[in-house]
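# Geometric and topological summary
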Amino acid sequence: MTDKNVEETSEAQIAVHWGEEKYYYPSYEFVAQANMSDPKIYERFALKNFPNCYKEFADLLDWDEYWTEILDTSDAPCWKWFVGGRINASYNCIDRHLAKNKNKTAIHFVPEPLEEKTEHITYQELYVRVNEFAALLRDFAGLKKGDRVTLHMPMIAELPIAMLACARLGVIHSQVFGGFSGQACADRIIDSASRVLITADSYYRNGTLIDHKQNADIACGIAAKEGQNVDKVLVWQRYPGKQSSPTPMVDGRDFFVNDVLKEYYGARIDPVSMKAEDPLFLMYTSGTTGKPKGCQHSTGGYLAYVAGTSKYVQDIHPEDVYWCMADIGWITGHSYIVYGPLSLGASSVVYEGVPTFPDGGRAWRIAQDLDVNIFHTAPTLIRALRKVAPDEPAKYNFNFKHMTTVGEPIEPEVWRWYYDVVGKGKAAIVDTWWQTETGGFLCSTLPGINPMKPGSAGPAVPGIHPIIFDEEGNELPAGSGKAGNICIQNPWPGSFQTIWGNRDRYVETYYARYNKNPESKDWRDWPYLAGDAAVQAEDGYYRILGRIDDVINVSGHRLGTKEIESAALTVMEVAEAAVVPVAHEIKGKEPDLYIALKPGYESSPEFAEKISAAVCEQIGKIAKPRNVWIVSDMPKTRSGKIMRRVLGAISNSTDVGDVMTLANPEIVEEIKAMVG
Ligand code: WTA
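To start, this report covers the structure provided alongside it. (Residues numbered from 1 in each chain as written. Predicted model: local features only at pLDDT ≥ 70, side-chain atom pairs only at ≥ 80, totals over all residues. Heavy atoms only, no water.)

## Some thoughts on the overall build of the protein
- Scanning the protein from terminus to terminus reveals 20 helices and 30 strands.
- For 676 residues, the compact-globule estimate of 2.2 N^0.38 gives 26 Å, and the C-alpha radius of gyration of the protein, at 24 Å, lies within 12% of that figure.
- Taken along its principal axes, the extent of the C-alpha atoms in the protein is 75 × 60 × 60 Å.
- A burial count over the protein gives 64% of its 676 residues as buried.
- For the protein, contacts bridging at least 24 residues in sequence account for 72% of all contacts bridging at least 6. (Helix = DSSP H or I, 4+ residues; strand = E, 2+ residues; numbered from the N terminus. Rg over C-alpha atoms; globule rule 2.2 N^0.38 Å. Buried < 20%, exposed > 50% of the residue type's maximum accessible area, 1.4 Å probe, protein only. Contact = heavy atoms within 4.5 Å.)

Pasting the structure below:
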């Protein structure tokens, strides 16, 4: 058991400094065109109308066979939605738009290099490419319904194409964030038992053509050692027909997609009719132990939920140009770059590179050139753009009607810059709180109905009924001023179904905490524990304060402290490792790594360097510690547990509190002096 209070205490302290903010109201212009401006929606989705209210979301989709039972709770808490229904996600995101909109852009792909032109892929073109690639997956790679395939792809149009091709066949895709290491990719290949890896040879990032193919070799090597053989690696070339990566192809295993695809030109694949509850994809996320959790998302429920929330929270109309500047390798990209927008027939922007390349005006030029009117990003990026190029947005002629923030709490000051400068005082903003596990939004204002309040996610979205519990399970009501564990009282269709291959961990992590009867088949007995601390204001708006477990949110990316610590421990000389989150102006949080070496080794900059490199190699650069502090000993409780709370306070220059109960209180001063 780790010190669960660490994050809670520190995050709650941050919250105390945040006063209540004033409301901002959406413009009449926005409300007049909004998909949802009728407050009665909250009534329709009230708890008394649960679960039948979700028929409204299901009816946004085309079903091969309409469902017969809306919610089956017989395997609680593994919920089944829209039982009896049959549906295909690729059909809903592509085929059904062809009759009226085949000529419309589905994906605007913007390459990072300035001299390369944007590619506008129409729905018809998407249909052709997805069919051809699906044929290749089926007939060349031998994939069939229910198989898992790992994708380790950068932000290129071929990523959504590959996902939709899998969906067409009922193959379960598991996309690993492109910036993750070969090792991280291997872990996910092994856990999902994938025998096919889809990757790319290279991609641009910050002006450099990155060799990505090398990660595939590392991943396959590690996976093979663990008994999971990858027999085919499908490599998309950044420039078809041209070698862009120095890493050689492995004979008989690696294939350039563009070579093989020629065999499948013109192929058409009937979408495989899936049960609503068949899995659509896995998305791995960090948890409290070193092993990432494969969140398993359903086909019908998930798609209905992302379609519904894209329509009412993102306010996506078919004529909109929608740009979510996240990576498809995260849940945000799955739900709100690919499945949500495309199921509604919108045009979705996929940008390859860094938003500040080659300068701080790039994002705004893209927005101007594509006439983007809905913009979606994370606080970390807003902070970065505000810092490096605060005056750039004003120089360009783009007009957002709507903007989203997601992934972390946004400071009111940063929110106001986003509103005034990026939104030009006109765009409605939604601060959307949700998680990889939840598939779609949990809390957010409905932009055509509720006023915005900087720093607050807003009320729950229609159909979601949160409740905040204290440690004892007492409800902390609105306006109590107390933070507690936010839970959701009811299931919802976007929720993950289980952790891949580990139902016990699913129940234990998300449902055991406040469940009173493990035998119960009644959803009312199974509040979902989100793992975040939150406080509900008098007006019902929720403010999310951060993780209660030991997950560090770096630039909106969740990293398990345990993952980082275990990476550090792969360095032979390391005895103990402890990671704590440090507040960072841009990234939100950064990991600070404390290390105790094994006896007989002396601290040196080389060791620190080596440990930092090990973390980057095992997880990815995103996890690079702010600092590696090599200490002579860790502050410990008498029972020998490392007191991360104390280290966290030192790293953040806050009060370490009472340390006299420690086994070794004297170490605190020593570490303090070192960290300064
Ligand atoms: C945090 C990202 C405050 C939260 C969609 C959650 C937020 C974790 C917000 C999930 C927000 C996400 N305000 N905190 N609007 N959105 N979080 O799985 O701690 O990558 O539990 O999903 O990010 O991160 P994940």
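So much for the structure itself; the text now carries on.
## Some points on the packing of aromatic side chains
- With the rule as written, the count across this model stands at 50 aromatic pairs.
- Aromatic pair Y23 and Y25: ring centres 6.2 Å apart, planes at 65 degrees, arrangement edge-to-face.
- Plain terms: the ring middles of F469 and Y514 are 4.6 Å apart, the flat faces sit at 35 degrees to each other, and that makes the pair tilted. Of this pair, F469 sits in strand β21 (residues 466–469) while Y514 is found in the loop between α16 (503–510) and β24 (528–536), placing the two residues 45 residues apart along the sequence.
- Overall, F469 belongs to the buried group, its relative accessible area being 12%.
- Among the residues examined, Y514 registers a relative accessible area of 10% and is labelled buried.
- Feature note: the residues F45, F50, Y54, F57, W63, Y66, W67, W81, F82, Y305, Y312 and W523 constitute an aromatic cluster, connected by ring pairs.
- Directly above the ring of Y239 sits K242, whose terminal nitrogen or CZ lies 4.9 Å from the centroid. (Phe/Tyr/Trp six-rings, centres within 6.5 Å; stacked < 30°, edge-to-face > 60°. Lys NZ or Arg CZ within 6 Å of the ring centre and 35° of its normal.)

## Considering the pairing of strand β16 (residues 321–324)
- Across the two faces of β16 the burial is the same, with V321 and W323 and Y322 and C324 all buried.
- Pairing between β16 and strand β17 (residues 347–351): 2 bridges, direction parallel. The residue bridging V321 from the neighbouring strand is S347, located in β17.
- In this region the chain leaves β16, passes through helix α12 (residues 331–343) and returns to the parallel neighbour β17; the handedness of that crossover is right-handed.
- Note that β16 and strand β18 (residues 374–377) share 3 bridges and pair parallel. Paired with W323 across the bridge in β18 is F375. (Pairing = 2+ DSSP bridges. Right-handed = clockwise from strand over helix to strand, strands pointing away.)

## Points about the site of the ligand
- Surrounding the ligand, one finds 17 residues, the nearest of these being D431, T436, D532, R547 and R558.
- The backbone of P409 places a nitrogen or oxygen atom 3.5 Å from a nitrogen atom of the ligand.
- Within the side chain of Q435, an N or O atom sits 2.9 Å from an oxygen atom of the ligand.
- Bound to the protein, the ligand loses 96% of the 530 Å² it would expose on its own.
- The residue inventory of the shell around the ligand, partitioned by class, reads 6 nonpolar, 6 polar and 5 charged. (Near = heavy atom within 4 Å. Polar contact = N/O pair within 3.5 Å; in protein donor to acceptor, adjacent residues only side chain to side chain. Areas by Shrake-Rupley, 256 points an atom, 1.4 Å probe, with all protein chains shown as cover. Nonpolar A, V, L, I, M, F, W, Y, C, P; charged D, E, K, R; others polar.)

## Description of unusual backbone geometry
- Residue F50 is joined to P51 through a cis peptide bond whose omega torsion reads 0 degrees.
- Note on placement: P51 falls in the loop between α3 (40–44) and α4 (55–58).
- Backbone torsion omega between A76 and P77 reads 0 degrees, so that peptide bond is classified as cis.
- Mapped onto the secondary structure, P77 falls in the loop between β1 (69–72) and β2 (80–83).

## Notes on the nonpolar core
- Core analysis: the biggest nonpolar cluster contains 124 residues, and Y54, F82, L126, F133, I198 and Y339 have the highest contact counts within it.
- The biggest single contributor to this core is helix α6 (residues 123–139), with 10 residues.
- Leave out the neighbours within four places in its chain, and F133 touches I161, A162, A165, I198, L234, W236, V257 and L261.
- Grouped together as the second largest cluster of nonpolar side chains are 36 residues, V321, A367, V422 and M452 included. (Core = buried A, V, L, I, M, F, W, Y, C linked by side-chain atoms within 4.5 Å.)

## Things to note about the environment of V338
- Here V338 shows up in helix α12.
- Distance from V338 to C324, taken between C-alpha atoms, is 9.7 Å for residues 14 residues apart in sequence.
- Not counting the four nearest positions on each side in its chain, V338 is found in contact with P160, M163, I328, G333 and S343.

## Section: the sheet that holds strand β12 (residues 254–256)
- One open sheet accounts for 8 strands, arranged β12-β11-β8-β6-β7-β14-β15-β23; its pairing is mixed. Only two strands of the sheet have a single partner each, and these edge strands are β12 and β23 (498–499).
- As paired elements, strand β15 (residues 293–298) and β23 share 2 bridges and run antiparallel to each other. By the bridge assignment for β23, C295 is matched with I499.

## Section: the pattern of salt bridges
- For the coordinates displayed, the defined rule picks out 37 salt bridges.
- In this structure, the salt-bridge partner of R238 is E116, at a minimum N-O distance of 2.8 Å. Of this pair, R238 sits in the loop between β11 (232–236) and β12 while E116 is found in the loop between β4 (105–110) and β5 (119–122), placing the two residues 122 residues apart along the sequence.
- Looking at R238, the relative accessible area reads 12%, which means it is buried.
- Counted as one network, the salt bridges with shared partners bring together K213, D217, R253 and D254. (Salt bridge = Lys/Arg side-chain N within 4 Å of Asp/Glu carboxyl O.)

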